Amino acid sequence: MSSNLKKIIIIAAVIFSILLSFLTGIVFFLKKENKDIPSQNNEQEEQRSKNSEKTELTKKEELTEKEKTKIFAENFAMIYYSYTWGNFSNIESQYHSMAEEMKNKEKNRVEQMKKEIEDQPRKYFSAKARLTDSTFLLYNGNRAEMIINLNIDNFAGAIIQRETIIWVDEKGDPYIGDVNNLITSSKNKKIKIDFIKINDEWKISGIENIDE
């Protein structure tokens, strides 16, 4: 074999080795890159999922708070307008739910009503308010306004405490019949309730009758 041929073979072998190394490097790089892409995609997808879950959780928390606020106002209104003559617990039991200014006004009003009836004979009539519907006029997280519609039944009788808690008719005699027969009238009442958030707690700041 001539020396020139040997040189050509050696040069060809060197070039082949270089090409083989180069191709091996490319294949390794592509494999690594392809392996990294799904990992990055998974991380991005996981982060998007976490962000979505966080957003949904925030929405649910906001909805839950708004719904609780709605129930709070509805219960306040139903208790406020349900009463037995001479008993003001429908108002007094809810002082803790009122803002300070409203609470002071209601306390003064209750004291005035107590004075007005203190020399009157005991009477037996009562009223019970039931929720019809309600809707927010305003809700921004710190202030809220609601319209609440109630149906109020007036009874010629009342629930009182004797040996046990019993119904009596308008004369004060024990009543064991259908209490619906004691209803003398029913009316619809529309009110507006204002409330504010004080130290992360909702308080009723005003209650107003709305004329139809």
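Just so you know, these numbers come straight off a predicted model, no measurement behind them.

**So, the pairing of strand E4 (residues 157–161)**
- Relative to strand E5 (residues 165–169), E4 is paired through 5 bridges, and the arrangement is antiparallel. When the sheet's bridge partners are listed, Gln161 is paired in E5 with Ile165.
- If you look at the hairpin formed by E4 and E5, you'll find 3 residues sitting between the two strands.

**A closer look at the sheet that holds strand E6 (residues 183–198)**
- Spatially, E1-E2-E3-E6-E7 is the arrangement adopted by the 5 strands of the open sheet, whose pairing is antiparallel. For this open sheet the edge positions go to strand E1 (83–84) and strand E7 (201–209), each flanked by a neighbour on one side alone.
- One ladder, built from 13 bridges, connects strand E3 (residues 143–155) with E6; its direction is antiparallel. Within E6, the position partnered with Arg143 by the bridge is Ile196.

**A short note on the packing of aromatic side chains**
- Applying the stated criterion to the full structure yields 7 aromatic pairs.
- A ring pair is formed by Phe136 and Tyr139, whose centres lie 5.3 Å apart and whose planes are at 65 degrees; its orientation type is edge-to-face.
- Between Phe195 and Trp202, the aromatic rings sit 5.5 Å apart at their centres with planes inclined by 70 degrees, giving edge-to-face as the arrangement.
- Here a set of aromatic residues connected by ring pairs shows up, and it is made of Phe72, Phe136, Tyr139, Phe195 and Trp202.
- Taking NZ or CZ as reference, Lys107 lies 5.4 Å from the ring centre of Tyr95, over its face.

**A closer look at the environment of Arg162**
- Along the chain, Arg162 turns up in the loop between E4 and E5.
- The residues touching Arg162, leaving out its near neighbours within four places in the chain, are Tyr124, Val168, Gly172 and Pro174.
- Engagement of the side chain of Arg162 in a polar contact is seen with the backbone oxygen of Gly172, the distance being 2.8 Å.

**Side note on the pattern of salt bridges**
- With the rule as written, the count across this model stands at 10 salt bridges.
- The partner of Glu100 in a salt bridge is Lys103, and the shortest N-O contact between them spans 3.5 Å. Of the two residues, Glu100 and Lys103 are both situated in helix H3 (residues 100–117); the distance of 3 residues between them amounts to about one turn of the helix.
- One salt bridge in this structure joins Asp194 and Lys192, with 2.8 Å as the shortest N-O distance.

**Details of the layout of surface pockets**
- For the largest pocket, the calculated volume is near 390 Å³.
- Lining the largest pocket are 20 residues, with Tyr83, Phe88, Asn90, Arg109 and Met113 positioned closest to its centre.
- For the lining of the largest pocket, the secondary structure elements donating two or more residues are E1, helix H2 (89–92), H3, E3 and E6.
- With 4 residues, the top contributor of residues to the lining of the largest pocket is H3.
- Taken together, the residues that form the lining of the largest pocket break down as 10 nonpolar, 6 polar and 4 charged.
- Lining the second largest pocket are 15 residues, with Ser82, Tyr83, Thr84, Ala127 and Ile159 sitting closest to its centre.
- Those elements that provide at least two residues to the lining of the second largest pocket are E1, H2, strand E2 (126–139) and E4.
- Top contributing element to the lining of the second largest pocket by residue count: E2, with 3 residues.
- For the lining of the second largest pocket, the residue count by class is 7 nonpolar, 7 polar and 1 charged.

Conventions we followed
Residues numbered from 1 in each chain as written. Predicted model: local features only at pLDDT ≥ 70, side-chain atom pairs only at ≥ 80, totals over all residues. Heavy atoms only, no water. Pairing = 2+ DSSP bridges. Helix = DSSP H or I, 4+ residues; strand = E, 2+ residues; numbered from the N terminus. Phe/Tyr/Trp six-rings, centres within 6.5 Å; stacked < 30°, edge-to-face > 60°. Lys NZ or Arg CZ within 6 Å of the ring centre and 35° of its normal. Contact = heavy atoms within 4.5 Å. Polar contact = N/O pair within 3.5 Å; in protein donor to acceptor, adjacent residues only side chain to side chain. Salt bridge = Lys/Arg side-chain N within 4 Å of Asp/Glu carboxyl O. 1 Å grid on protein atoms, 1.4 Å probe; cavity = no way out; pocket = protein on both sides within 12 Å on 5 of 7 lines; lining within 4 Å. Points joined across faces, edges and corners; volume = space filled by probe spheres on them. Nonpolar A, V, L, I, M, F, W, Y, C, P; charged D, E, K, R; others polar.

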